[in-house]
Amino acid sequence: MSVDLKSLVIAIDGPASSGKSTTARLIAQKLGLMYLDTGAMYRAVALKIYRTGIELTDKAALQKMLESTKVEQFCTDDGVHFSLDGDDVSEAIRTPDISLWVGPVSEHGMVREYLVEWQRAIGRNGGIVADGRDIGTVVFPAAQVKVYLNADAHVRALRRQKELFARGIAQSAEEVEEAIVKRDHRDSTREHSPLSKAADAVEIDTTHLTVGDQVEQVLALVRKLVPNLALR
Ligand code: CDP
């Protein structure tokens, strides 16, 4: 089977800090495809709920809020950014508080319905690399390349701690590990679209891999489908 790069869908799933976003962003860059960070969408909706104080049990208010909310992803010289109703929230969505809030928000059926619809609309024509928890299982089950990234929880915690530190947030490795293990458990055991490896996904353990190694392993899967792959 050979696939046209412009119609290719690459789905990258996995637990917190397994390397999904970094890998997906670099693959998209190298192949000239669109990158979609679905976790940022859930985080942006969680931020809006956090700021507005809407109760998740208030279905009417939640629906009204979702209908009038605009989450957009855009690129600048310093990377991928996200806006919520026109405001750049790239930093605000990555705080430990929002990492806690996103759990109950992302397991809400109505929130998922809305976001999955947005994500499918964005990827309708293919030419996309998307990362999340349910990309290969629910959002794009027909994706031609499916990857499930995983890594040892302690190593993932150290990566997240470093990321937070770079943004001026100091937390102990134990604290970070506890939070991501809890979030993974919540994501994996929820009723709607739990985090799981699609039966046809290739699992890559990134515990001992460099980012370059991860990217190479995914590109090797793409090369099997797209002959004469030209990288940027
Ligand atoms: O960066 P990290 O891997 O920690 O998380 P993220 O990709 O930013 O996603 C944040 C949270 O959004 C996850 O813990 C999930 O609860 C939720 N999420 C989801 O339910 N489905 C997705 N496709 C993506 C994220």
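As the structure is a prediction and not an experimental result, all values here were calculated from the model. (Residues numbered from 1 in each chain as written. Predicted model: local features only at pLDDT ≥ 70, side-chain atom pairs only at ≥ 80, totals over all residues. Heavy atoms only, no water.)

Caption draft 1: Region of interest: a negative patch on the surface. Together, D77, D78, D87 and D88 line one region of the surface with negative charge. Mapped onto the fold, D87 is located in strand 5 (residues 87-88). Overall, D87 belongs to the partly exposed group, its relative accessible area being 48%. (Patch = residues over 30% accessible without salt bridge, like charges linked within 9 Å, V, L, I, M, F, W, Y side chains within 5 Å. Areas by Shrake-Rupley, 256 points an atom, 1.4 Å probe, with all protein chains shown as cover. Salt bridge = Lys/Arg side-chain N within 4 Å of Asp/Glu carboxyl O. Lys, Arg positive; Asp, Glu negative; His and termini not counted. Charge placed at Lys NZ, Arg CZ, Asp CG, Glu CD. Helix = DSSP H or I, 4+ residues; strand = E, 2+ residues; numbered from the N terminus. Buried < 20%, exposed > 50% of the residue type's maximum accessible area, 1.4 Å probe, protein only.)

Caption draft 2: Spotlight on the packing of aromatic side chains. In the structure shown here, the tally under the stated rule is one aromatic pair. Where Y50 meets W101, the ring centres are 5.0 Å apart and the plane angle is 80 degrees; that geometry is what we call edge-to-face. Here Y50 is found in helix 2 (residues 38-52), whereas its partner W101 is found in helix 4 (residues 96-106), with 51 residues between them in sequence. Note on W101: relative accessible area 34%, which makes it partly exposed. (Phe/Tyr/Trp six-rings, centres within 6.5 Å; stacked < 30°, edge-to-face > 60°.)

Caption draft 3: Inspection of the environment of V226 at higher detail. Its location among the elements puts V226 in the segment after helix 9 (211-225). Look at V226 and you get buried, because its relative accessible area is 8%. Residues V226 and S2, spaced 224 residues apart in sequence, show a C-alpha to C-alpha distance of 5.6 Å. Sequence-distant contacts of V226, that is, excluding residues within four places in its chain, are made with V3, L5 and L8. (Contact = heavy atoms within 4.5 Å.)

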